[in-house]
Amino acid sequence: MTFFPEVDEPIPYQGPDSRDPLAFRYYDRTRKVAGSTMERHLKFAVAYWHTFKGGGQDPFGPDPVYDRPWNDAPTPMEVARRTLDAAFEFFTKLGVPYYCFHDRDIAPEGDSVAESNDYLDEIVQRAKLKQSETGVKLLWGTANLFGHPRYTHGAATNPDPRVFAHAAAQVRRAIDATIELGGSGYVFWGGREGYTSLINTDMGREREQMAAFLRLAVDYARRQGFQGKFFLEPKAREPSIHQYDFDCGHCLNFLREFDLRDDFMLNVEANHATLATHSFEHELATAAAAGMLGSVDINRGLEGVGWDTDNFAMSLRECVLALLIIRGQGGLRWGGLNFDAKVRRGSFDTVDLFYAHIASMDVFAKALLIVERVRQDGVLGLAGERIRERYAGYRRGLGRKLMAGETTLEELEDWAGSLGEPPRTSGRQEELESILNDYLYSTRIE
Ligand code: XUL
Ligand code: CO
């Protein structure tokens, strides 16, 4: 049985002049860029939840509107089996190397912990078989600790430890599933870990509960031999008003405060940056500067909209800025680029899933080629000579001494006095914007 009859063979690479929406213009899986393939640089992963479980619902339309033939089955487990078939058909036809899931995306919740575990086990074994048949791999796994009504007041941060225990049970099995399927990462997005009012909330205690939960998960996973990384995924708001993992800055502080930095890195999502009123590149740079940029959820939020719209990333400028940072730190060893994105409610045909992923893969592939040019030319961004030059004073003389902690305020005062007024130097922002525009819009990339 085929779920995607409109695509009968893997999406081909046709080059920049192609106008076929079911072909790649730039994403050429095996093409070498700076000694590695495009596939290895970009490490694309399809998000199981949006792509196969999403129905296009919104607050004014609670019923699914997407046409998803794999949902036509008599029982939740039969739906799960068919969905898995559809997912691997999609991965192979699209030609992506990875996927990501939540436990409850791939298998339904049962009537008891034991039944839920059995359901998950069966689907994990099926997925394992499909992975070995197709070569598609798991990038990271996670547990859905926000959808079930028991998590209304949080999972790890719930005032009731019995809810904490249910969340722990889920995480244990989701970690098992991740290990069994060879994932190199395990994500914690604190879905309902936050609060809506301090009238009924002990914030200090809730943060400690969350730290205890993460510690338990790390200890368990390491005992099972998990050698990958844990990723904390910041998000400012939604579903709760105040999420504890507000942005990268908050998450880095949390990991430092509770001594979790050895096991964790961050999973930075574009739309979550928007919700924190940051730019995507700001959040990526914050994580990278701390050596903690582990993985990326590539999507796009709409500015001025207060909720997660999870559009597919389509902006070349944003992708170039993101890849400058990612390439600047030598890539994503443990993580990759996960499409945490959904097609619009009005894009309800199955073929729309192909159009969306292909377009977004292509914009990243083009961005990768641009970033390579920019890096070779050495003009811009983290790789740029211009930035090195700007801070050159800190690499010599008193500038270097002060960074090494070998000076005093008194010595600096003497220095300032003897120097007189430092010359003013333009930041040249507009000149650099213009150079960036040349790369984005004028340079022929192929
Ligand atoms: C929610 C979100 C999640 C995480 C995984 O906004 O981004 O899908 O990526 O739980
Ligand atoms: Co995400």
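Please read these numbers as outputs of a predicted model, since none were measured by experiment.

(A) Fine view of the coordination of the cobalt ion (ligand 2). Taken together, the protein ligands of the cobalt ion (ligand 2) are Glu-233 (OE), Glu-269 (OE), Asp-297 (OD) and Asp-340 (OD), with distances of 1.9 to 2.1 Å. For the cobalt ion (ligand 2), the 6 donor atoms in the first shell make angles of 82 to 171° at the metal, a pattern classed as octahedral. Positions of the donor residues of the cobalt ion (ligand 2), expressed as sequence spacing, correspond to E-x35-E-x27-D-x42-D. Within this pair, whereas Glu-269 is found in strand S10 (residues 264-269), its partner Asp-297 is found in strand S11 (residues 293-297), the two being separated by 28 residues in sequence.

(B) Local environment of the site of ligand 1. Around ligand 1, the neighbouring residues are Trp-49, His-102, Trp-189, Glu-233, Lys-235, Glu-269, His-272, Asp-297, Asp-308 and Asp-340. With the chains in place, 94% of the 300 Å² that ligand 1 exposes on its own is no longer accessible. Here the residues of the shell around ligand 1 sort into 2 nonpolar, 2 polar and 6 charged.

(C) Examining the side chain of Glu-283 more closely. Structurally, the position occupied by Glu-283 is in helix H10 (residues 280-289). Sequence-distant contacts of Glu-283, defined by excluding residues within four places in its chain, comprise Asp-247, Cys-248, Val-268, Ala-273 and His-278.

(D) Summary view of empty space enclosed by the protein. Overall, the coordinates contain 2 cavities of 30 Å³ or more when judged by the stated rule. Put simply, the largest cavity is a space of about 110 Å³. Those elements that place two or more of their residues in the lining of the largest cavity are strand S6 (185-189) and helix H7 (203-223). Considering each element in turn, the lining of the largest cavity owes the most residues, 4 residues, to S6. Classifying every residue of the lining of the largest cavity by side-chain character gives 12 nonpolar, 3 polar and 2 charged. Each pocket or cavity is described by its volume, and for the second largest cavity that value is around 40 Å³.

(E) How the structure looks around the layout of surface pockets. By volume, the second largest pocket amounts to about 1100 Å³. Ile-387, Arg-390, Tyr-391, Gly-427 and Leu-432 are, among the 33 residues lining the second largest pocket, the residues nearest its centre. Taken together, the elements giving at least two residues each to the lining of the second largest pocket come down to H10, helix H11 (316-328), helix H13 (385-390), helix H14 (397-403) and helix H16 (429-442). Classifying every residue of the lining of the second largest pocket by side-chain character gives 16 nonpolar, 9 polar and 8 charged.

(F) The arrangement of a negative patch on the surface in detail. Negative charge collects at one region of the surface, where Glu-6, Asp-67, Asp-72 and Asp-349 lie side by side. Among the secondary structure elements, Asp-67 is positioned in the loop between helix H2 (48-53) and helix H3 (76-94).

(G) Just the pairing of strand S8 (residues 229-233), in detail. The element S8 is largely enclosed, with a buried count of 5 among its 5 residues. Neither face of S8 is exposed, since Lys-229, Phe-231 and Glu-233 on one face and Phe-230 and Leu-232 on the opposite face are all buried. Where S6 lies against S8, 5 bridges are found, and the strand directions are parallel. The residue bridging Gly-185 from the neighbouring strand is Lys-229, located in S8.

Parameters and conventions
- Residues numbered from 1 in each chain as written.
- Chains lettered and ligands numbered in written order.
- Predicted model: local features only at pLDDT ≥ 70, side-chain atom pairs only at ≥ 80, totals over all residues.
- Heavy atoms only, no water.
- Donors = N, O, S within 2.8 Å, 3.2 Å for Na, K, Ca; no water.
- Tetrahedral: all angles 85-135°; square planar, octahedral: opposite > 155°, others 65-115°.
- Helix = DSSP H or I, 4+ residues; strand = E, 2+ residues; numbered from the N terminus.
- Near = heavy atom within 4 Å.
- Areas by Shrake-Rupley, 256 points an atom, 1.4 Å probe, with all protein chains shown as cover.
- Nonpolar A, V, L, I, M, F, W, Y, C, P; charged D, E, K, R; others polar.
- Contact = heavy atoms within 4.5 Å.
- 1 Å grid on protein atoms, 1.4 Å probe; cavity = no way out; pocket = protein on both sides within 12 Å on 5 of 7 lines; lining within 4 Å.
- Points joined across faces, edges and corners; volume = space filled by probe spheres on them.
- Patch = residues over 30% accessible without salt bridge, like charges linked within 9 Å, V, L, I, M, F, W, Y side chains within 5 Å.
- Salt bridge = Lys/Arg side-chain N within 4 Å of Asp/Glu carboxyl O.
- Lys, Arg positive; Asp, Glu negative; His and termini not counted.
- Charge placed at Lys NZ, Arg CZ, Asp CG, Glu CD.
- Buried < 20%, exposed > 50% of the residue type's maximum accessible area, 1.4 Å probe, protein only.
- Pairing = 2+ DSSP bridges.

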